[in-house]
Amino acid sequence: MTLDVALTGINAATTELATISNNIANSSTTGFKRADVSFTDVYARSNFGANRVTPGEGVRVSQIKQDFGQGGLTSSGNSLNLAVEGIGMFQVTDDGAPMYTRDGNFGLDREGFIVNGQGHRLNGYTTNDDAQIQPVTGELQIDYTDLQPKTTDVVTLGMNLDAGAETLPPFDVDDPSTFNYSTSTTVYDSLGAEQVATMYVHKDAPNAWSGYVYVDGQEVSQPGGEELVFDSTGVLQTVNGTAARGFTSAPFTPASGATPMDVEFRIENMTQYESAFGTNQIDQDGFSSGQLNDFEVDGTGVIFGRFSNGQSRIMGQVTLVNFANTAGLLPQGGNGWVSTFASGEPVAGAPGSASLGLIQSGSLEDSNVDITEELVAMISAQRGFQASAQVISTDDQLMQTVMNMTR
């Protein structure tokens, strides 16, 4: 009986030492979560309950429970190294089967999918054709397709025309002495080709001006120019006789052979004060085609692609998953877990929503193993092992004494 009880102590201590050893071995493993061993005593029972004069039958391991406490964060400089600050796990798929991990050491495979070291694909919200996030979970993929150019539809101009400027002879685009001021911007056609749009301003009379717009040498404003009338406070009152906002160019075909264009010029912020001419705003909404240069992930998991033309595009959103009982997850190795009946169903959401934490890009979560604590626990487990071994040795001596008495 004593030998059996001592053996259970040795087995329990052995399990604890193995668990501690595993913790120490993974002290540098990204996203690793340490484990604790829980024990329970063993008592003989009959149909009428425990015998009050019978000693216990030893100890057994009741649970090896993983501690999902936060690990430290280490900067890596790699935008696809992701760390969770707070509650939540990444969801990945292994041939379509879901797994969960805190290891955010991701990269790209040859197809542009975001994968971890085991080749498992990171999951999150995907986007539609308009680069809008859809709340549909799927495997996240970086799209290296060139960004399609966007035709310029609107040009916004803000400038001040000097009220003291002189009235000039009739406008002639080839004669700089016939216009007071000019300003230019680049617009883009359907092929992404750059076209230079220039607005010339000619003073006709006090508070009355004309604007002429040319795109790559061809006039696109109305014949005779656009009529700009200011009130006595220097505010633009009307454009072509209507309330001030702007005007739309005549349809024109770019020299590149792209689709015909017509551009709206918004000039409601144009002023006429007794001060020097100056352009204080010039914006347009078109851009050329672009190649993907880089991408980044923000704190809420949104993946932004950065293109050579200065534009950005949303490529998806990394989601996090939480469980009612994370301790009920079943470890699979490779820093991965799968859900069980004990863990409950996974609940996915955007980082920062509900109780989910945020994502820090360019960082990795360290193991939450404290070497000092593990060494102290190892000493305790070692003493338990030695004590149980001493019980066996003592029992052996007692048995030897009994045998000697029979001689």
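Since this is a predicted model, take the numbers as computed values, not measurements.

(A) Looking closely at the overall build of the chain. The helix and strand inventory of the chain stands at 2 helices and 33 strands. A globule of 407 residues ought to have a C-alpha radius of gyration of about 22 Å, yet the chain, at 37 Å, is considerably larger. On the principal axes, the C-alpha backbone points of the chain span a range of 140 × 40 × 40 Å. Per-residue burial over the chain gives 40% buried out of 407 residues.

(B) Seen up close, the nonpolar core. Within the largest apolar cluster, 25 residues are counted, with the highest numbers of intra-cluster contacts made by Leu161, Met199, Trp209, Leu228, Ile267 and Met270. Of all the elements in the fold, those that place two or more residues in this core are strand E13 (154–162), strand E14 (181–188), strand E15 (194–205), strand E16 (208–215), strand E18 (226–230) and strand E19 (236–239). It is E13 that provides the largest number of residues to this core, a total of 4 residues. Excluding its chain neighbours within four sequence positions, the residues that come into contact with Met199 are Leu157, Tyr181, Ser182, Thr183, Gly211, Tyr212, Val213, Leu228, Phe247 and Met270.

(C) Examining the environment of Val115 more closely. Following the sequence through the fold, Val115 ends up in strand E10 (residues 114–115). Residue class for Val115 comes out buried when judged on its relative accessible area of 10%. Separated by 135 residues in the primary sequence, Val115 and Ala250 have C-alpha atoms spaced 51 Å apart. When residues no more than four places from it in sequence are discounted, the contact partners of Val115 are Asn105, Phe106, Gly107, Leu108, Asp109, His120 and Arg121.

(D) Summary view of the pairing of E16. Burial within E16 is extensive, with 7 of its 8 residues counted as buried. Counted along the chain from E15 to the antiparallel partner E16, the turn is 2 residues long, and its residue Asn207 has a positive phi close to 70°. Sheet topology places E16 next to E18; 4 bridges connect them, and they run antiparallel. Bridge assignment links Ala208 to a residue of E18, and that residue is Val229. Relative to strand E17 (residues 218–219), E16 is paired through 2 bridges, and the arrangement is antiparallel. Paired with Val215 across the two strands is Gln218, which belongs to E17. Counting the residues between successive antiparallel strands, the hairpin from E16 to E17 contains 2 residues, one of them, Asp216, with a positive phi of roughly 50°.

(E) Layout of the side chain of Asn180. Relative to the helices and strands, Asn180 resides in the loop between E13 and E14. Judged by relative accessible area, Asn180 falls into the buried class, the value being 18%. A distance of 2.7 Å separates the side chain of Asn180 from the backbone nitrogen of Lys203, its partner in a polar contact. Dropping the residues within four chain positions of it, Asn180 is found in contact with Ala165, Glu166, Leu168, Val201, His202, Lys203 and Trp209.

(F) Expanded view of the side chain of Ser210. When you line up the elements, Ser210 lands in strand E16. For Ser210, the side chain forms a polar contact with the side chain of Asp204, separated by 2.5 Å. Residues contacting Ser210, with those up to four places away along its chain left out, are Tyr200, Val201, His202, Asp204, Gly224 and Glu226.

(G) Representation of the packing of aromatic side chains within the structure. This structure, assessed with the given rule, holds 12 aromatic pairs. Between the aromatic rings of Phe171 and Phe179, the centroid separation amounts to 6.0 Å while the plane-to-plane angle is 55°, which identifies the pairing as tilted. On the basis of an interplanar angle of 10° and a centroid distance of 3.9 Å, the ring pair of Phe171 and Tyr212 is categorised as stacked. Taken together, the positions of Phe171 in the loop between E13 and E14 and Tyr212 in strand E16 put the pair 41 residues apart, joining distant regions of the chain. For the pair Phe171 and Tyr212, one class covers both residues: buried. One aromatic cluster in this structure is built from Phe171, Phe179, Tyr200, Tyr212 and Tyr214. Between Arg121 and the ring centre of Phe113, over which it is positioned, the NZ or CZ distance is 3.7 Å.

(H) Broad picture of the pattern of salt bridges. One pass over the full model with this rule turns up 12 salt bridges. In this structure, the salt-bridge partner of Glu365 is Lys33, at a minimum N-O distance of 2.6 Å. On the criterion of sequence distance, the pair formed by Glu365 in strand E33 (residues 363–365) and Lys33 in the loop between helix H1 (2–25) and strand E1 (35–42) is long-range, its members being 332 residues apart. For Glu365, a relative accessible area of 0% gives the class buried. With a relative accessible area of 0%, Lys33 lands in the buried category. For Arg34, the salt bridge is made with Glu374, and the minimal N-O distance between the two is 2.7 Å. Residue Arg34 is located in the loop between H1 and E1, and its partner Glu374 is located in helix H2 (residues 371–405); the two are separated by 340 residues in the primary sequence. Both residues of the pair, Arg34 and Glu374, count as buried. By sharing partners, the salt bridges in this structure join Lys33, Arg102 and Glu365 into a single network.

(I) Looking closely at the pairing of strand E8 (residues 97–101). Sheet topology note: the strand E7 (residues 89–94)/E8 ladder contains 5 bridges and is antiparallel. Paired with Gln91 across the strands is Tyr100, a residue of E8. Here E7 hands over to E8 after 2 residues, with Asp95 in that stretch at a positive phi of 55°. Pairing between E8 and strand E30 (residues 336–338): 2 bridges, direction antiparallel. By the bridge assignment for E30, Thr101 is matched with Gly336.

Rules used throughout
Starting afresh in each chain, residues are numbered from 1 along the sequence in its written order. This being a predicted model, a pLDDT of at least 70 is required before a residue's local features are given, and a value of 80 or more before pairs of side-chain atoms are given or counted; all residues contribute to the totals for chains, interfaces and linings. Only heavy atoms go into the side-chain values, all of them from the structure, while hydrogens and water stay out. Helix and strand definitions here come from DSSP, where helices need a minimum of 4 consecutive H or I residues and strands a minimum of 2 consecutive E residues; each element is numbered from the N-terminal end. This radius of gyration counts C-alpha atoms alone. The globule rule is 2.2 Å times how many residues there are, raised to the power 0.38. Any residue under 20% of the maximum accessible area for its type is buried, any over 50% is exposed, and the rest in between are partly exposed; the area is computed with a 1.4 Å probe on protein chains only. Here the nonpolar core consists of buried residues drawn from Ala, Val, Leu, Ile, Met, Phe, Trp, Tyr and Cys, with membership extended through side-chain atoms lying within 4.5 Å. We call two residues in contact whenever any of their non-hydrogen atoms come within 4.5 Å of each other. We treat two strands as partners when DSSP finds at least two bridges between them. Nitrogen and oxygen atoms within 3.5 Å of one another constitute a polar contact, given that in protein one can donate a hydrogen and the other can accept it, and given that sequence-neighbouring residues count only through two side-chain atoms. Working definition: rings of Phe, Tyr and Trp (its six-membered ring) pair if their centres are within 6.5 Å, and the pair is stacked with planes under 30 degrees apart, edge-to-face with planes over 60 apart, and tilted otherwise. Charge-over-ring contacts are defined here by two conditions on Lys NZ or Arg CZ: a distance within 6 Å of the ring centre and an angle within 35 degrees of the ring normal. Salt bridges are identified by distance alone: a Lys or Arg side-chain nitrogen within 4 Å of an Asp or Glu carboxyl oxygen.

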